Amino acid sequence: MGAGEFQEFVEVRYGDLLRTAYLLTGSQHAAEDLLQSSLLRVMRHWDRVDEPLAYVRRAMVNQRTSIWRRLRNAEVLTDDPPDRPGDDPTDRIAERQSLLQALDRIPARMRAVLVLRYWEDLSETDTAALLGISVGSVKSQASRGLVRLRGVLGVDVLASRRAS
C-alpha cells in the first residue's frame, strides 16, 4: 500500500479511530495524541499492512498499554483539582461519564477487551486476534471485566442477574 492509500484510509477512518482512542483514554486530548502517534508509527510500516483498521487499533491498544504501565504508580500532583461534572440534565451524559470513569479504574487488558467487544462491537474471535490472546481469554476477561465494572459502578451484581 502506498502513501496515497494511507492518506485515504486516514480520511475515511479517522472518526472511528478517534472514537476508539477516546474510549481507551477517556479524554479528547489524550485520544487525539494517542491516535496521531499511533498513525505515525503505522505509517512507517504501511507497505506491509494487510488489515489496516485492525493494525491501527492494535497499535493504539499497545501504545496505551505501555503508557498505563509507565504511569501505573506515578502520582500526579497539581495546583488545580480536575473539574468534576456537575448535575447534568440529561441522564445519558451522566451515565456515560460514570462509565468512562469506571473503565479507567479497571486493568488495561480488561478495558481493552470491553472496549473492543462492546463499544467497537467486534466478535470474540476478532478481539482475540487483535489483542493476540485466545478466544477463551477474551471471554474470561470480558466476564471478569463486567463484574469489576459493575463493582466500580456500585451495581448490585445479584440484582442485575435477577433482572435479566
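Shown above is the structure to which this text applies.
Residues numbered from 1 in each chain as written. Predicted model: local features only at pLDDT ≥ 70, side-chain atom pairs only at ≥ 80, totals over all residues. Heavy atoms only, no water.

Asks: Explain the packing of helix H4 (residues 91–103) against helix H7 (residues 135–153) here, please?
Replies: Any two packed helices are characterised by how steeply their axes cross, that is the angle between the axes, and by the distance between the axes. Two numbers describe how H4 lies on H7: the axes approach to 9 Å, and their chain directions differ by 120°. Comparing their axes, H7 and H4 come out oblique. Crossing of H4 over H7 shows right-handed handedness. Taken together, the residues of H7 that come into contact with H4 (itself represented by Ser98, Leu99, Ala102 and Leu103) are Leu149, Val152 and Leu153. In terms of residue class, the contact of H4 with H7 is made up of six nonpolar, one polar and no charged. (Axes fitted to C-alpha atoms, helices over the stretch in contact; angles between N-to-C directions. Helix = DSSP H or I, 4+ residues; strand = E, 2+ residues; numbered from the N terminus. Parallel < 35°, antiparallel > 145°, perpendicular 65-115°, else oblique. Left-handed = near helix turned anticlockwise from the far one by under 90°. Contact = heavy atoms within 4.5 Å. Nonpolar A, V, L, I, M, F, W, Y, C, P; charged D, E, K, R; others polar.)

Asks: Would you explain the nonpolar core in this entry?
Replies: Among the nonpolar cores identified, the biggest contains 39 residues, and Phe9, Leu17, Leu35, Val56, Met60, Leu103 and Leu131 are the most heavily contacted of them. Among the elements that line this core, the one with the most residues is helix H1 (residues 3–25), at nine residues. Excluding residues that lie within four positions of it along the chain, leucine 103 makes contacts with Arg111, Leu114, Val115, Trp119 and Leu149. (Core = buried A, V, L, I, M, F, W, Y, C linked by side-chain atoms within 4.5 Å. Buried < 20%, exposed > 50% of the residue type's maximum accessible area, 1.4 Å probe, protein only.)

Asks: Before we go on, may I ask you to explain the pattern of salt bridges in this structure?
Replies: Should the charged atoms of two oppositely charged side chains come close, the side chains can pair. Counted under the stated rule, the structure contains four salt bridges. The shortest N-O distance in the salt bridge between glutamate 120 and arginine 57 comes to 2.8 Å. Here the residue glutamate 120 occupies a position in the loop between helix H5 (108–119) and helix H6 (124–131), and arginine 57 occupies one in helix H3 (residues 52–71), the gap between them amounting to 63 residues. What makes glutamate 120 buried here is its relative accessible area of 8%. Assessed through its relative accessible area of 11%, arginine 57 is described here as buried. Two residues, aspartate 104 and arginine 111, come together in a salt bridge whose shortest N-O distance is 3.0 Å. Taking the relative accessible area as the measure of exposure, aspartate 104 reaches 46% and is therefore partly exposed. By relative accessible area, which is 0% here, arginine 111 ends up buried. It is possible to trace a salt-bridge network through shared partners that takes in Arg19, Arg57 and Glu120. (Salt bridge = Lys/Arg side-chain N within 4 Å of Asp/Glu carboxyl O.)

Asks: I keep staring at the environment of phenylalanine 9 and nothing clicks. Help me out?
Replies: One can find phenylalanine 9 in helix H1. As a C-alpha pair, phenylalanine 9 and proline 52 span 43 residues in sequence and 8.0 Å in three-dimensional space. If sequence neighbours within four positions are ignored, phenylalanine 9 has contacts with Tyr14, Leu17, Trp46, Pro52, Leu53 and Val56.

Asks: What is the right way to look at the packing of H5 against H6 in this model?
Replies: For the pair H5 and H6, the least separation of the axes is 9 Å and the interaxial angle reads 140°. Between H5 and H6, the crossing angle belongs to the class labelled oblique. As for the relative orientation of H5 and H6, their crossing is right-handed in sense. Counted together, Ala112, Val113, Leu116 and Arg117 of H5 and Glu124, Thr127, Leu130 and Leu131 of H6 form the full contact between these two elements. Taken together, the residues of the contact of H5 with H6 break down into five nonpolar, one polar and two charged.

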